[in-house]
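What the coordinates show
Below, each chain spelled out in residue letters.
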Amino acid sequence: MLRPIFSVALVMLPFTGCLFSAAVETSPIRGEVPGTIAIWPFVSGGVPPDADLWFSGMSYHVGRRGYRVIAPGVAREVLIGSDIAPALSDDWGAVGRALHADAVLLVEVSSFEARPAGALRHASWDLTWRLVSTRGQGEQWSHRAHGRWRQADRDPMDATRRFDAMASPPPLVPIGGPRIPGFRDARDLLAHLHGAAMERLPAREAP
């Protein structure tokens, strides 16, 4: 018998270099706007699919759009203790009843590379976010992001010294220089990408 969820877990993490425009255009939600969104705890294409890395900052960014959020760790625990096989996720109605959620937010990784593991120097990604209704309304929203980033593109133009990505305080960017965000590691980059993607998700108005 499934345990009811009495609280919503929100994860608030510090972010580095998260620069989001206030004028980002959202993509509309099709059908009835969900009140509660569960983050699907298994990332398609991610290795391993349930690594915490893939969900960095997701709960926070969904929550700040006005939705109640069921964090991936909570969703994973409930699903493992239920009769629903996580690999067979076609029955979104059953998933919604188990998680008490109106929709599920899935992440799909077509490609992701971030190196080196320590002080990040370059990265590339191709990610898709999909919001699927658990009330029979199908896919309600999606967003895809693909791109590349290099630390070298934001380093100060000073050839006389060696750049230290872990320096504290970080090196200064000259006035008028590129406003390119910096990332400490892959977790920091993914938090930024989730935040930018959720800026495309329409905010939910308070009931």
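In this report, we go over the structure that sits alongside the text. (Residues numbered from 1 in each chain as written. Predicted model: local features only at pLDDT ≥ 70, side-chain atom pairs only at ≥ 80, totals over all residues. Heavy atoms only, no water.)

**Regarding the sheet that holds strand 2 (residues 68-70)**
Pairing is mixed in the open sheet, where 5 strands are placed in the order 2-1-3-4-5. Since the sheet does not close on itself, it has two edges, and those belong to strand 2 and strand 5 (139-150), each with one partner. Strand-to-strand twist of the sheet, defined as the mean angle between neighbouring strand axes without regard to direction, takes the value 20 degrees. The pairing of strand 1 (residues 36-39) with strand 2 spans 3 bridges and is parallel. Across the sheet, residue Ile37 finds its bridge partner in strand 2, namely Val69. Sitting on the sheet, helix 3 (residues 92-99) is in contact with strand 1, strand 2, strand 3 (103-115) and strand 4 (122-133), with an inclination near 95 degrees to strand 3. Sheet strands touched by helix 4 (residues 186-198): strand 3, strand 4 and strand 5. Its angle to strand 4, the strand with the most contacts, is close to 45 degrees. (Pairing = 2+ DSSP bridges. Helix = DSSP H or I, 4+ residues; strand = E, 2+ residues; numbered from the N terminus. Axes fitted to C-alpha atoms, helices over the stretch in contact; angles between N-to-C directions. Contact = heavy atoms within 4.5 Å.)

**Here we look at the nonpolar core**
Here is a general trend for soluble globular proteins: nonpolar side chains tend to be buried in one another's company. Judged by nonpolar contacts, the single largest core of 31 residues is most densely connected at Leu105, Trp125, Trp129, Leu131, Trp141 and Met198. Mapped by element, the contributors of at least two residues to this core are strand 1, helix 1 (58-63), strand 3, strand 4, strand 5 and helix 4. Setting aside residues up to four positions removed in sequence, Leu105 forms contacts with Ile37, Ala38, Ile39, Trp40, Met58, Val62, Trp129, Arg130, Leu131, Trp141 and Met198. The next biggest cluster of nonpolar side chains, apart from the first, holds 16 residues, and it includes Leu79, Ile84, Val95 and Ala98. (Core = buried A, V, L, I, M, F, W, Y, C linked by side-chain atoms within 4.5 Å. Buried < 20%, exposed > 50% of the residue type's maximum accessible area, 1.4 Å probe, protein only.)

**Overview of the packing of aromatic side chains**
Enumeration according to the criterion identifies 4 aromatic pairs in this entry. Taking 5.9 Å as the distance between ring centres and 65 degrees as the angle between the ring planes, the aromatic pair formed by Trp40 and Phe42 counts as edge-to-face. Residue Trp40 is classed as buried on the basis of its relative accessible area, which comes to 5%. When the centroid spacing of 5.1 Å and the interplanar angle of 80 degrees are considered together, the rings of Trp40 and Trp92 count as edge-to-face. Residue Trp40 is found in the loop between strand 1 and helix 1, and its partner Trp92 is found in helix 3; the two are separated by 52 residues along the sequence. Each member of the pair Trp40 and Trp92 is classed as buried. (Phe/Tyr/Trp six-rings, centres within 6.5 Å; stacked < 30°, edge-to-face > 60°.)

**A short note on the pairing of strand 4**
Most of strand 4 is tucked away: 9 of the 12 residues are buried. The sheet contact formed by strand 3 and strand 4 spans 12 bridges and is antiparallel. Among the inter-strand pairings, Ser111 is bridged to a residue of strand 4, identified as Asp126. Joining the antiparallel neighbours strand 4 and strand 5 is a turn of 5 residues, in which Gly136 adopts a positive phi near 80 degrees.

**Topic: the pairing of strand 5**
Taken together, the 11 bridges between strand 4 and strand 5 define a ladder with antiparallel strand orientation. Residue pairing in the sheet places His122 in a bridge with Arg150 of strand 5.

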